[in-house]
Each structure stands twice: as structure tokens, then as C-alpha cells.
Amino acid sequence: MVTKRFGRRSKALQCTSLRKPLQRGGLNTMAATMPASIDLLLFATVAQAAAAASLTAFGLRRDRHPGWWWWLAAMWLTTAGAACAALAPGPWALSLAPPLLLQWPLVTLMGLRRFHARQHWPGHWGVDATLLAVASLVAWAVGLLTPEHATWPVVVCGLAVHLYAAAVMFNGPAGSEATPVHFLGGTVALLAFAPGLAVLGTDLATQAPAPPLAAHAARVLAATLGAIVLAFVALTLLFERTERQLRESRRRLRLLANVDALTQVPNRRRFNELATQALRADPPGSAVLLLFDIDHFKQINDRLGHPAGDRALCLVAGSVLEHLRAMDAAGRHGGDEFVLLLRRTNTQHAMGVAARIVAELQKRTQNTPLPPLSLSFGLVQLRGGEDIDAALRRADQALYEAKRQGRSRAVAASGDEDQPVFSESRPLGLMPA
Ligand SMILES: Nc1nc2c(ncn2[C@@H]2O[C@H](COP(=O)(O)OP(=O)(O)OP(=O)(O)O)[C@@H](O)[C@H]2O)c(=O)[nH]1
């Protein structure tokens, strides 16, 4: 019968290591109907071990995400299952192999649940664990107690386990990480049918019920393919997550480098960048620069403490952002000084913006323990070709003049830095104490 089915190509049947332990009764027949050679099983074992070893080596050298251990467990257990069949094909080993081979979709699923712990998954890991325990127990028990009648119970157990895992994977979390999970789910669903088809094929070929081992080689090969796909998917998921974390770190670093942590407005360096870009894009001399600070801010710190001072700074920043157009730029120049670049405007309009900021600030200060806050502004209309630093120096002179004239006002400066000409000042809101 053997020669008829496999002819000279069947090394499995000439291999003493496979034949010796199966010399008794039904198992002898099972070995004879195994649809794969011992070489193939050995090759599958080595392929699985290689996939598992790569994932192990990869994970040991970098951050291990939750789920990684489960995937490793799934892969090493299937390797053990394949090795059982290939290296020690006795009754015990052959009853142990099916549960070891059919566990991988569920153990992988448990790993996925941990990997995507914050996302919604259908079902519950308790259901996965129960199904795994029941299927493994049935597969092991029937393989040990009634090896000749174990074929279909084991096939059905494997089918249930695979299809359940595939269904959960397909309905798992959406988003960028869904594609590799769906790919894995598709593979699991396809591999679910391999042992059953192998049994049916053997039934048809031999015109007799197939023995349990007929499905065994198909199970080993399916698990090998599954392990390789799992290794690929696990690596993809780990890479994608690492890359997402890197992108997030870069975003945070950019934010830290550009934004003032207290007030959440751009810092001085970033403001200079934004303002320089804006000046390049606009007609020369079309922007107004405002430099302003809180009057007697030191007294707020001294009387009410630094946290109150911080609060005042945040209120100022909030008031500024409220009245800024999307194309304008604001920044914290340092300490209690802020700077604004209003594009395509003149100093008269800029004085109006300053007045609105002061009014907004007074509104926001009303329900706080802070005293009424007043601001002093220095304004300059930028000249054609003037850079931000030069404009800031002139605005600083205007601000100094506003302080000199009694604070809580806006003063515009024109003329050269050496010989500034100050406009009449415009009082803004409350007069400082
Ligand atoms: N709470 C707080 N205070 C700060 C911060 N940065 C700088 N300061 C304080 O801001 C104060 C700035 O005071 P000055 O601008 O020198 O003087 P002023 O009291 O505002 O007086 P005028 O500007 O002349 O009206 C200093 O006391 C600094 O310690 C900060 O981030 N938080």
C-alpha cells in the first residue's frame, strides 16, 4: 500500500527513526498514510525554530512591548509540536503534538489583546483561554486514548480554534495597525482548513477513513506557515509602534524647542523664525512690531508669589492669542515681555489691537485674586529691508518711553535707532498703581 501511494519518493517510510516507534497496530497504519516525509517535518521544524529564534533575538535587543512574550510562546510551542512529530514520533509525542500545534492562533490572539490593550477587542481573553484549554485537552486526550479515532475530533478542535481567532482578529481594532492584524487573521482563516482538507484527500485516495496522522503533517506545515507569517506581522507591528513613538517624541521635542512651556506661545527663537518668514513673504514695510510687558510685574511676584505671577503671564498670553489673526505672530520675548508681529497693517491699527488686548486682559483678571493688570507697549512700523532684531531694538526704545511717560500706554517710534521720534502716547485701560 505504501509503495503504491508514495513509491520511491517516500523517505518517511524508509526512515527507521519514524518507523520503529510505530510498529504497533493502528499507529503503524498511521505512519504509512502520513502525507509527508520525515525530511519535510524536519525542515518545517527548522523553519519554525528559525522564525522563533529571529523574533526572540530581535525582541531581546530592544524594547519589548506587551504581547511580544505571547507571540514568542506561540512560536516556540508550535516548534516543539513540529519537533515532537519529526524527532520522537512515539504515541506520547504524537498525542502531544496536536495541542502544541493548534494553540498558536489563540496564544497569538492573547498577545494581540495585550499589544493593543487600550483598544477595543471583541470577546474576552478569558474566552480565548477557555477555548484553548478545552481544545488542547480534547486534542491531547483523544490522541492518547483513541489514536485511531482521533482524526476528526482533532481536526474540529483545530478548525474551531483557528476560525474563532481569525474572526476576533478581523473585528479587532481599526487604524494603522489593523492591516497586519487583518493579514494575520486571513492567514489563520485559510490555514484552519488545511488539516481537514488533508484528511478528506487521504480518505478519497485510500477509500477508507484516514488515521489521525493523516492530518498531522498538514497541521505541521500550516503551523509553520502561520509561524512565519506571525513573525512577519509581529515585526511589522513592533516597527510601526516604534516609529509612531519616534514621531510622537519628535513632535514633543519640536514643541519643547519652539513653545514657551508656561504660556504656550512661541518662544523668542521661534517667534524670530516666524516673523522673519512673514517679512520675506510680505511687501516691505507692511508689518508692525509690538513689544510690551506687564507694569510692575515684580510687585505681583513679591506680594502674591511666583505662582500668581505665572498666572498673570498666562492671562496675558491668552488675551494676546484671543485677538491675533491667524497670519500674525506672537512670542514670549523673555520674563514678562511679549512680542507681536501684525502683518499688512499700520501703527494706528496696531494701537487698536493693543487696546483690545488690554481690555481682554482686564476682563480675564476680574474673577481672579490678581490685582488689575496694566500693560505698556512700544510699537514700530517695520522699514523696507529692516530685520526683526533691528525692529525689536527700536520697539524697545518705544516701550522704554511708554514706561517713562507713566506706563499703561502705547508709544510708537519712528525714525532711526540713533534718533527715535516718539508718537503721542495712547493711554490703555486702567492706570497702574
Ligand atoms: N512669576 C514669574 N516671574 C517671572 C518670570 N520670568 C521673569 N519673571 C519676573 O518678572 C519680573 C520682571 O520685572 P521687571 O520687568 O524687571 O520689572 P517690572 O516689575 O515689570 O517693572 P516695569 O516693567 O518697569 O513696570 C522679575 O521679577 C522676574 O523675576 C516667570 O516666568 N514667572
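Residues numbered from 1 in each chain as written. Predicted model: local features only at pLDDT ≥ 70, side-chain atom pairs only at ≥ 80, totals over all residues. Heavy atoms only, no water.

The name given to the protein chain in an unreviewed UniProt entry is diguanylate cyclase, and the organism recorded there is Rubrivivax rivuli. The UniProt entry for the protein chain carries the following text under Catalytic activity (unreviewed entry): "2 GTP = 3',3'-c-di-GMP + 2 diphosphate". (UniProt positions renumbered as here; feature names shortened; annotations may be inferred.)

Colleague: Sorry, what's going on with the site of the ligand here?
Modeller: Lining the immediate surroundings of the ligand are 17 residues, of which His 296, Lys 298, Asn 301, Asp 310 and Arg 332 lie closest. In the environment of the ligand, a nitrogen atom lies 2.9 Å from a nitrogen or oxygen atom belonging to the side chain of Asn 301. Protein coverage of the free-state accessible area of the ligand, which is 660 Å², stands at 67%. Those elements that place two or more of their residues in the shell around the ligand are β1 (288-294), α14 (297-304) and α15 (306-322). In terms of residue count, α15 provides more of the shell around the ligand than any other element does, four residues in total. (Near = heavy atom within 4 Å. Polar contact = N/O pair within 3.5 Å; in protein donor to acceptor, adjacent residues only side chain to side chain. Areas by Shrake-Rupley, 256 points an atom, 1.4 Å probe, with all protein chains shown as cover. Helix = DSSP H or I, 4+ residues; strand = E, 2+ residues; numbered from the N terminus.)

Colleague: Hey, could you run me through the pattern of salt bridges in this one?
Modeller: Two side chains of opposite charge can pair, provided their charged atoms sit close to one another. All chains considered together, the criterion is met by 20 salt bridges. A salt bridge links Asp 128 to Arg 113; its shortest N-O distance comes to 2.7 Å. Here the residue Asp 128 occupies a position in helix α8 (residues 125-145), and Arg 113 occupies one in helix α7 (residues 104-115), the gap between them amounting to 15 residues. Residue Asp 128 shares its accessibility class with Arg 113, and that shared class is buried. (Salt bridge = Lys/Arg side-chain N within 4 Å of Asp/Glu carboxyl O. Buried < 20%, exposed > 50% of the residue type's maximum accessible area, 1.4 Å probe, protein only.)

Colleague: Whenever I open this one, the pairing of strand β4 (residues 375-381) confuses me. Can you help?
Modeller: Moving residue by residue along a regular strand, the side chains alternate between the two faces of the sheet. Burial analysis of β4 places six of its seven residues in the buried class, the great majority of the element. Strand direction decides the pairing type here: β1 and β4, joined by seven bridges, are antiparallel. Considered in β4, the bridge of Leu 291 is made with Gly 378. In terms of strand pairing, β4 meets strand β5 (residues 409-415) through four bridges, oriented parallel. Note on β5: the bridge partner recorded for Phe 377 is Ala 410. (Pairing = 2+ DSSP bridges.)

Colleague: How should I be thinking about empty space enclosed by the protein in this particular structure?
Modeller: Summary: where empty space remains is shown by rolling a probe the size of a single water molecule over the atoms. The full count for this structure, using the stated rule, is three cavities of 30 Å³ or more. Residue lining of the second largest cavity: 14 residues in total, with Leu 102, Gly 158, His 162, Pro 195 and Arg 219 positioned closest to the centre. The set of elements that each furnish at least two residues to the lining of the second largest cavity consists of α6 (91-102), α9 (151-170) and α12 (213-258). Of the residues forming the lining of the second largest cavity, the biggest block, five residues, is contributed by α9. When its residues are assigned to classes, the lining of the second largest cavity shows 11 nonpolar, two polar and one charged. (1 Å grid on protein atoms, 1.4 Å probe; cavity = no way out; pocket = protein on both sides within 12 Å on 5 of 7 lines; lining within 4 Å. Points joined across faces, edges and corners; volume = space filled by probe spheres on them. Nonpolar A, V, L, I, M, F, W, Y, C, P; charged D, E, K, R; others polar.)

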